[in-house]
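What follows is each chain in one-letter form.
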Amino acid sequence: MVLVAGIDSSTQSCKVVIRDAHTGELVREGRAGHPEGTEVHPDHWWTALLKAAADAGGLDDVAAISVGGQQHGMVCLDADGTVVRPALLWNDTRSAGAAAELIAQAGGGDPAVGAAYWARATGTVPVASLTVTKLRWLAENEPENAAQVAAVCLPHDWLTWRLAGHGPGSGREGLAALATDRSDASGTGYYSTAEDRYLPDVLSAALGHLPVLPRVLGPLEAAGRTPAGALLGAGAGDNAAAALGAGAGLGDVVMSLGTSGTVFAVSASPAADASGLVAGFADADGHYLPLVCTLNATRVFDATAALLGVDLAEFNRLALSAEPGAGGLTLVPYFDGERTPNLPDATGSLHGITRANYTAANLARAAVEGVVCSLADGLAALQEQGVSAQRILLVGGGAQSAAVQDVAARLLGNGITVPQPGEYVADGAARQAAAALTGHFPTWAAGAVDLPEKKDDGAVLARYRRFASLSA
Ligand SMILES: Nc1ncnc2c1ncn2[C@@H]1O[C@H](COP(=O)(O)OP(=O)(O)O)[C@@H](O)[C@H]1O
Ligand SMILES: O=C(CO)[C@@H](O)[C@H](O)COP(=O)(O)O
């Protein structure tokens, strides 16, 4: 049996799956947690990866490995290959001002002209999540660190590089071995998705000089080998890896509820949305991945369950026990600020409280409805860009919640499919590893359940939109 490993280094944890390269059968798996916070030293990811791999019985017998990783995180290396400062993650909003400056500058002071420029040039209007804004923030706020930056890469690039045996002390030669893929490069803000090339002028204008950038590999290209001889796939951003893992094809929309909420489509053409709602990313198999990302998804459930003093199973039971509409409660879930819509300083809010409706069950239901409504708005933004959702695949930790499934079936209409429980980012990385080995993406059978359509009169989403607009 030829084994391949897929790794998901996401915001909250690292997961490793080891599968049979031919059949896709799950042979072993493991996981390890990541520290809290929006600024994390990459060494923690490496330690977690080693722990998760050990938990999965080790990687000694695998023929190929690929890494899917949380997107956009700013990993800066000095000339020696040492990390300059802890990485700023996708959900760190301190560079919101830098994003606004970059847009205004490109438009000669007119943000609308600037937004149109960025959408055209890169596919995406910058928000605090994008790497380019973090580099701008670094140049403005930590010039001594910025001056030390000899190479910039992303979480999945750095972990692939570490797996290849590089690290502090690798020097300039080591930096030249950095590699990434289109899906993650397209989330930096200094890459043209439509033209498949870096935009060095954009990067050097943000950072103040031009650092070494990872080589952008094609979907089937290898990034090298581990010291033990396993082939390293190109890796991918975690959303693109989830699309690969869930078997999403053209015409499919994936909705993922993890730390972030994302809605994205596999598309034949690149997006360029000047409104800034849709990010024009690339996918991991040669297509495009227009995507909407929110900062607030399953952690809203975690926080509400903690407030109610219950675990997630009880939280879901409570949410399902309440009537649709949560008795009139509406929760706008901007707990960590928000990225889509771009409201980095927003806070969450609860509306419509009466003595009669202020129950644990209604609060749990309002949390689920608020998060699903925010993603319904994401879906609408994708549809505005011409995406037609023939099928919606619901994935991520939150997709296993029966309450999420119930609310999604009511608010999003029909055509919702829940693939069997699994680690779809790690699975997508494993598929890519198999493809790097054999030269083609394997077809691995996976079960899925179609959600029955449920009636809805549109009132929950309409009420959500009214209250969410008050945060703008
Ligand atoms: N049954 C469930 N109901 C609601 N949320 C869940 C459930 N199972 C897992 N989660 C949530 O899923 C999240 C982890 O999902 P995951 O997709 O692994 O996130 P990430 O990739 O961002 O680290 C946690 O916040 C957890 O609370
Ligand atoms: O920023 C984005 C997408 O643009 C996020 O989706 C990150 O990629 C983090 O993902 P999770 O840890 O929530 O899976």
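Note that the structure is predicted; figures quoted are calculated from it, not measured.

Chemist: Please clarify how the environment of Pro333 should be interpreted in this entry.
Modeler: Here Pro333 lies in the loop between strand S20 (330-332) and strand S21 (349-351). With relative accessibility at 1%, the residue Pro333 sits in the buried group. Apart from residues no more than four positions distant in its own chain, Pro333 is found in contact with Asn296, Val300, Gly348, Gly370, Val371, Ser374 and Tyr464.

Chemist: Before we go on, may I ask you to explain the packing of helix H2 (residues 96-106) against helix H4 (residues 131-141) in this structure?
Modeler: Axis separation between H2 and H4 bottoms out at 8 Å; the angle between their running directions is 100 degrees. For the element pair H2 / H4, the angle class is roughly perpendicular. Residue-level contacts link Ala98, Ala99, Glu101, Leu102 and Gln105 of H2 to Val132, Thr133, Arg136, Trp137 and Glu140 of H4. For the contact of H2 with H4, the residue count by class is five nonpolar, two polar and three charged.

Chemist: Could you clarify how one ought to interpret the pairing of strand S13 (residues 222-225) in this entry?
Modeler: Looking along a regular strand, one sees the side chains alternate between the two faces of the sheet. Relative to strand S14 (residues 231-233), S13 is paired through three bridges, and the arrangement is antiparallel. What sits directly across from Arg225, in S14, is Leu231. In sequence, S13 turns back onto S14 through a hairpin of five residues, with Gly229 there showing a positive phi of about 105 degrees.

Chemist: Can you walk me through the site of ligand 1 in this structure?
Modeler: Ligand 1 sits among 15 residues. The nearest are Lys15, Thr259, Thr298, Asp302 and Gly397. In this structure, Lys15 approaches ligand 1 through a side-chain N or O atom, which is 2.5 Å from an oxygen atom. Contact distances for ligand 1 include 3.0 Å between an oxygen atom and a backbone N or O atom of Gly397. When ligand 1 sits alone it has 580 Å² of accessible area, and the protein chains cover 79% of it. Taken together, the elements giving at least two residues each to the shell around ligand 1 come down to helix H11 (298-308) and helix H12 (312-321). Looking at the shell around ligand 1, the element that brings in the most residues is H11, giving three residues. Taken together, the residues of the shell around ligand 1 break down into two nonpolar, 11 polar and two charged.

Chemist: Just checking my understanding: could you explain the UniProt feature "active site" (unreviewed entry) in the protein chain for this structure?
Modeler: The sites that UniProt annotates as "active site" (unreviewed entry) are Asp238. Assignment of secondary structure puts Asp238 in helix H10 (residues 238-245). In this view, Asp238 contacts Asp8, Ser10, Gly69, Gln70, Gln71 and Val425; residues no more than four positions away in its chain are not counted.

Rules of the game
- Residues numbered from 1 in each chain as written.
- Chains lettered and ligands numbered in written order.
- Predicted model: local features only at pLDDT ≥ 70, side-chain atom pairs only at ≥ 80, totals over all residues.
- Heavy atoms only, no water.
- Helix = DSSP H or I, 4+ residues; strand = E, 2+ residues; numbered from the N terminus.
- Buried < 20%, exposed > 50% of the residue type's maximum accessible area, 1.4 Å probe, protein only.
- Contact = heavy atoms within 4.5 Å.
- Axes fitted to C-alpha atoms, helices over the stretch in contact; angles between N-to-C directions.
- Parallel < 35°, antiparallel > 145°, perpendicular 65-115°, else oblique.
- Nonpolar A, V, L, I, M, F, W, Y, C, P; charged D, E, K, R; others polar.
- Pairing = 2+ DSSP bridges.
- Near = heavy atom within 4 Å.
- Polar contact = N/O pair within 3.5 Å; in protein donor to acceptor, adjacent residues only side chain to side chain.
- Areas by Shrake-Rupley, 256 points an atom, 1.4 Å probe, with all protein chains shown as cover.
- UniProt positions renumbered as here; feature names shortened; annotations may be inferred.

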